[in-house]
Amino acid sequence: MEQFSFIACMPDIPGALHRAAEIVTRYEGNINRIQYDRRIDTHTVFFEVTALPQAYEKIREQLEKIGYLQTSLQSVAFLKFNVYLPNCPGALFEFLNYITSSRSNITYLDFDDRGQHPERLVVGLHIENPNMIDALLNQLKSRYRLEILEYDTTGEKLDDTVFYLRLAQKLRSFIGSAEDAFLMRFLHDINHITQELSNHQKDPIEVFENILKVGECLNQTSGDNFYADVQRVRIKDDIELFCFQLPCGGNIYLFDTPSERVMIDTGYGIYFQDIMNMFQHYGLGDLSRLKRIYITHADADHCGAAGFFPAPSYLNRETFLITRKTSRAYGSSNQDCILEEVYTKIINLFSKFTPPTNTVLFPEVSLLDETIEKRGEFPIVARFLIGDLEFEALAGMGGHMHGEIFYLCPEEGLLFPEDAVINFKSLSPERTEYNVLADYLMTSVNVDSKLAREERQALLSLISEIDNKLSRKNRKCMICCGHGSISVLDNGKLFEYIGSERYFAGQKYISLEYL
């Protein structure tokens, strides 16, 4: 027995769903998941069934025979126009003959011979084959006076009677000309997360809107609209650290030393060309000098561009595995959560996830081994140099994500705690609004919220310990957060360490202070 899925598009009549279920039962299929919500779409039902392969083919064959099986997601156009009919018996009937012949669905009719325009009929149509539009209009123009009011092929003007077709057209604007089979599988996944969040009392339409917002934000902040806020910190006379806050998602950190350049995290794949243009602007565009990339964890906004860079990426084995799995919760106590799995598919697709292929794995160590050297609560899994700066790779607890690694330079007080410590006050309103989307769609960005709280407290204790050691030099630990600005800890609160400057795509940067 195998699990299969299909989408049924059924007439809005009593017994339609019963008829489909009878076919599944006839061929001994077991329905594992079904989702239908009249508030979203009056015709579309999502099925997941377990059946023998040959039985599933019979189920599909019978559903297709009665016209229930949806096998494609054709683009649907919306057309609205005024038509002026003669005032005689049969005029409307004759006009509707043309509409029926074009296989158009009427969504709106408005006519009243006692109204302000007694000869005018207002018509709204959904046309599944846009190639038929010109032929239909030519036929109508030869017979009637017409006034075109609206014509839309983007899906913006479609109503909810074809909700999923409209959604598919919007998705195509983010993911390109995907084949129908792929797009229908993706709609299944999106429908699944909507079903799950509905059980958390979330409005299904709001869920769809937030999913689309993720794609819109990424697409609208790449290319000519790309920008970044940049902090530059002189670590030593010959070593400079750049912090690039991208429009959406995590930060990129880049060390510029006399002998090499080294990067920590890569941002989203969709921004790769924008990142390269920005590096070029700052004199960092020569990738032959980029020797290594260190990855903190497997989220797309932290390693999703790594595969574009020729330099090897250093990461934990668990992080490597998660980049090859379908769920960011893999390896955690929450790994079977459907919200984590589907969100991973959504964000990886929208952000053009290109994980590292040239990889170097940190040594595997047993975190239960009491002889392992620790820094605070965190085992040290590796040591390495960036220029002449000595770094430690610390194994995280897995609160934000399984396999996460923090990077620490104890001597200089540089800590990269990824998303376990963030100065949320330093985030711009646009970044905050984007980050909230992930929290909404997964109910939490942490795969283990309790462990994440413990992890953060352990990191704050480590930061305080480092601050005490650095106080002799009148310095503080620089916290290079996964999002937001490089910050310092003062009386239990995070404050921006140094001001930022704004980089715009294709423009010279200007000084900028966060407010």
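Refer to the structure above for everything that follows.
In this report, the structure presented in the accompanying data block is examined.

Parameters and conventions
- By convention here, each chain's residues receive numbers from 1 onward along its written sequence.
- It should be noted that, the model being predicted, local features are given only for residues of pLDDT at least 70 and side-chain atom pairs only at 80 or more, the latter also being counted only at that level, while totals for whole chains, interfaces and linings use all residues.
- Based on all heavy atoms of the structure, the side-chain values leave hydrogens and waters out of the count.
- Note on pairing: DSSP must find at least two bridges between two strands before they are called paired.
- Under the DSSP-based scheme used, a helix requires at least four consecutive residues in state H or I and a strand at least two consecutive residues in state E, with every element numbered from the N terminus.
- Each axis is a line fitted through C-alpha atoms, taken for helices only over the stretch in contact, and angles between the N-to-C directions span 0 to 180 degrees.
- Residues are treated as being in contact if the distance between any of their heavy atoms lies within 4.5 Å.
- Geometry of aromatic contacts follows a simple scheme: Phe, Tyr and Trp rings, the Trp one being its six-membered ring, pair when their centres are within 6.5 Å, and the pair is stacked under 30 degrees between planes, edge-to-face over 60, tilted otherwise.
- Accessibility here uses a 1.4 Å probe with only protein chains present; expressed as a share of the type maximum, an area under 20% marks a residue as buried, one over 50% as exposed, and anything in between as partly exposed.
- Between the first and last residue of a helix there are one fewer steps than residues, each counted as 1.5 Å, and that sum is the expected span.
- In what follows, roughly perpendicular refers to angles from 65 to 115 degrees, roughly parallel to angles under 35, roughly antiparallel to angles over 145, and oblique to any angle outside these ranges.
- Handedness of a crossing follows from how the near helix is turned relative to the far one, being left-handed for an anticlockwise turn of less than a right angle and right-handed for a clockwise one.
- Residues are grouped as follows: nonpolar covers Ala, Val, Leu, Ile, Met, Phe, Trp, Tyr, Cys and Pro; charged covers Asp, Glu, Lys and Arg; every other residue, Gly included, is treated as polar.

**Description of the sheet that holds strand β6 (residues 120-127)**
Each strand in a sheet pairs with another by means of backbone hydrogen bonds, the pair being arranged parallel or else antiparallel.
Part 1 of the reasoning: As summarised here, the arrangement of the four strands in space is β5-β6-β4-β7, forming an open sheet in which the pairing is antiparallel. If you trace the sheet from one side to the other, it starts and ends with β5 (104-110) and β7 (145-152), each paired once. Averaged over all neighbouring strand pairs, the angle between strand axes comes to 20°, with direction disregarded.
Part 2 of the reasoning: Pairing between strand β4 (residues 77-84) and β7: seven bridges, direction antiparallel. Bridging across to β7, Asn82 finds its partner in Glu147.
Part 3 of the reasoning: Running over the sheet, helix α3 (residues 91-101) touches β4, β5 and β6 and is turned about 20° from β6.
Part 4 of the reasoning: The sheet strands contacting helix α4 (residues 132-141) are β4, β5, β6 and β7, and the helix crosses β7 at an angle near 160°.

**Observations concerning the packing of aromatic side chains**
Part 1 of the reasoning: Tallied over the full model, the rule gives 34 aromatic pairs.
Part 2 of the reasoning: When the ring of Tyr268 is compared with that of Tyr271, the centres are 6.2 Å apart and the planes differ by 55°; the resulting orientation is tilted. A single burial state applies to Tyr268 and to Tyr271, both of which are buried.
Part 3 of the reasoning: Considering the side-chain rings of Tyr294 and Tyr314, the 5.0 Å spacing of their centres and the 35° angle between planes classify their relative orientation as tilted. In this pair, Tyr294 sits in strand β12 (residues 290-294) while Tyr314 sits in strand β13 (residues 313-315), placing the two residues 20 residues apart along the sequence.

**Regarding helix α11 (residues 338-350)**
Part 1 of the reasoning: In this model α11 runs 18 Å from its N-terminal to its C-terminal C-alpha over 13 residues, within 8% of the 18 Å that 1.5 Å per residue would give.
Part 2 of the reasoning: When you tally the buried positions in α11, you get 10 out of 13 residues, the bulk of the element.
Part 3 of the reasoning: Buried residues of α11: Ile338, Leu339, Glu340, Val342, Tyr343, Thr344, Ile346, Ile347, Asn348 and Phe350, and no others.
Part 4 of the reasoning: Considering only its buried residues, α11 is in contact with α5 (163-175), α6 (180-198), α7 (204-220), α9 (300-303) and α12 (429-442).
Part 5 of the reasoning: Just downstream of α11 lies Lys352, where phi reads positive at about 55°.

**Digging into the environment of Gln273**
Part 1 of the reasoning: Position of Gln273 among the secondary structure elements: in helix α8 (residues 272-281).
Part 2 of the reasoning: By relative accessible area, Gln273 is classed as partly exposed at 48%.
Part 3 of the reasoning: Placed 209 residues apart in sequence, Gln273 and Gly482 show a C-alpha to C-alpha distance of 21 Å.

**A closer look at unusual backbone geometry**
Residues apart from glycine generally show negative phi values, whereas peptide bonds are mostly found in trans.
Part 1 of the reasoning: Of note in this structure, Asp265 is not a glycine but carries a positive phi near 70°.
Part 2 of the reasoning: Here Asp265 shows up in the loop between β11 (261-264) and α8.
Part 3 of the reasoning: Residue classification places Asp265 among the buried residues on the basis of a relative accessible area of 3%.
Part 4 of the reasoning: Even without a glycine there, the phi angle at Asn491 is positive, about 55°.
Part 5 of the reasoning: Position of Asn491 among the secondary structure elements: in the loop between β21 (487-490) and β22 (493-496).

**A few points about the packing of α7 against α11**
Part 1 of the reasoning: The geometry of α7 relative to α11 is characterised by a closest axis approach of 10 Å and an angle of 25° between their N-to-C directions. Taken together, the axes of α7 and α11 lie roughly parallel to each other. In this structure, the crossing between α7 and α11 has a hand that is right-handed. Between α7, through Ile211, Val214, Gly215 and Leu218, and α11, the contact on the second element is made entirely by Ile346, Ile347 and Phe350.
Part 2 of the reasoning: Grouping the amino acids of the contact of α7 with α11 by side-chain chemistry returns six nonpolar, one polar and no charged.

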